[in-house]
Amino acid sequence: MQLYDIVGAGCRGRFKVSEEVHMPYAITFVDDPDVLEKKKQIRPVHIDYIMQNEHRIIASGGFFPDDDDFPNGGLILLDTDLRQEAIDYIENDPFFLNGIFSTYTVRRWKKFIFDHKRVT
């Protein structure tokens, strides 16, 4: 955090300005083998979990194989600065709790291109 002296436009004072950059977490997972039927059964509960947390989610969606229209993994951009919150989120997902996937990745993410334009 840096201090800046500001003078002008009717303002005078010393202000703290954070130079930290907000970076949400990208969470990815791929289904374990042979879980398709179980996943279809659990999917409504998984979707309920996502909807209960939609206020925390920047984006979320499934990964699809080239030859099917049912997802076999997913990506969540979670709006948190805390890695542990991202871990807690994914480890409480019904898909994880019910063995649809057993491993995942959690990485900090910063957009560079958004809506076809570079973000500064």
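A quick note: this is a predicted structure, and the numbers were derived from the prediction, not measured. (Residues numbered from 1 in each chain as written. Predicted model: local features only at pLDDT ≥ 70, side-chain atom pairs only at ≥ 80, totals over all residues. Heavy atoms only, no water.)

Visitor: Where do I start with the side chain of His 46 in this structure?
Guide: Locating His 46 in the fold gives a position in helix 1 (residues 36-52). Residue contacts for His 46: discarding those within four places in its chain leaves Asp 93, Pro 94 and Phe 95. (Helix = DSSP H or I, 4+ residues; strand = E, 2+ residues; numbered from the N terminus. Contact = heavy atoms within 4.5 Å.)

Visitor: Explain the nonpolar core here, please?
Guide: When a protein is soluble and globular, its nonpolar side chains tend to lie buried together. By size, the foremost hydrophobic cluster in this structure holds 18 residues, and its most contacted members are Ile 27, Ile 76, Leu 78, Tyr 89 and Ile 90. Taken together, the elements giving at least two residues each to this core come down to strand 3 (25-30), helix 1, strand 5 (73-78) and helix 2 (83-91). A total of four residues in this core trace back to one element, the largest contributor, which is helix 2. (Core = buried A, V, L, I, M, F, W, Y, C linked by side-chain atoms within 4.5 Å. Buried < 20%, exposed > 50% of the residue type's maximum accessible area, 1.4 Å probe, protein only.)

Visitor: Help me out: how do you make sense of the pattern of salt bridges in this one?
Guide: A pair can form between side chains of opposite charge whenever their charged atoms are brought close. Inspection of every chain in the model, using the stated rule, returns one salt bridge. Residues Lys 39 and Asp 31 are paired through a salt bridge, measuring 2.7 Å at the closest nitrogen-oxygen approach. Judged by its relative accessible area of 16%, Asp 31 falls in the buried class. (Salt bridge = Lys/Arg side-chain N within 4 Å of Asp/Glu carboxyl O.)

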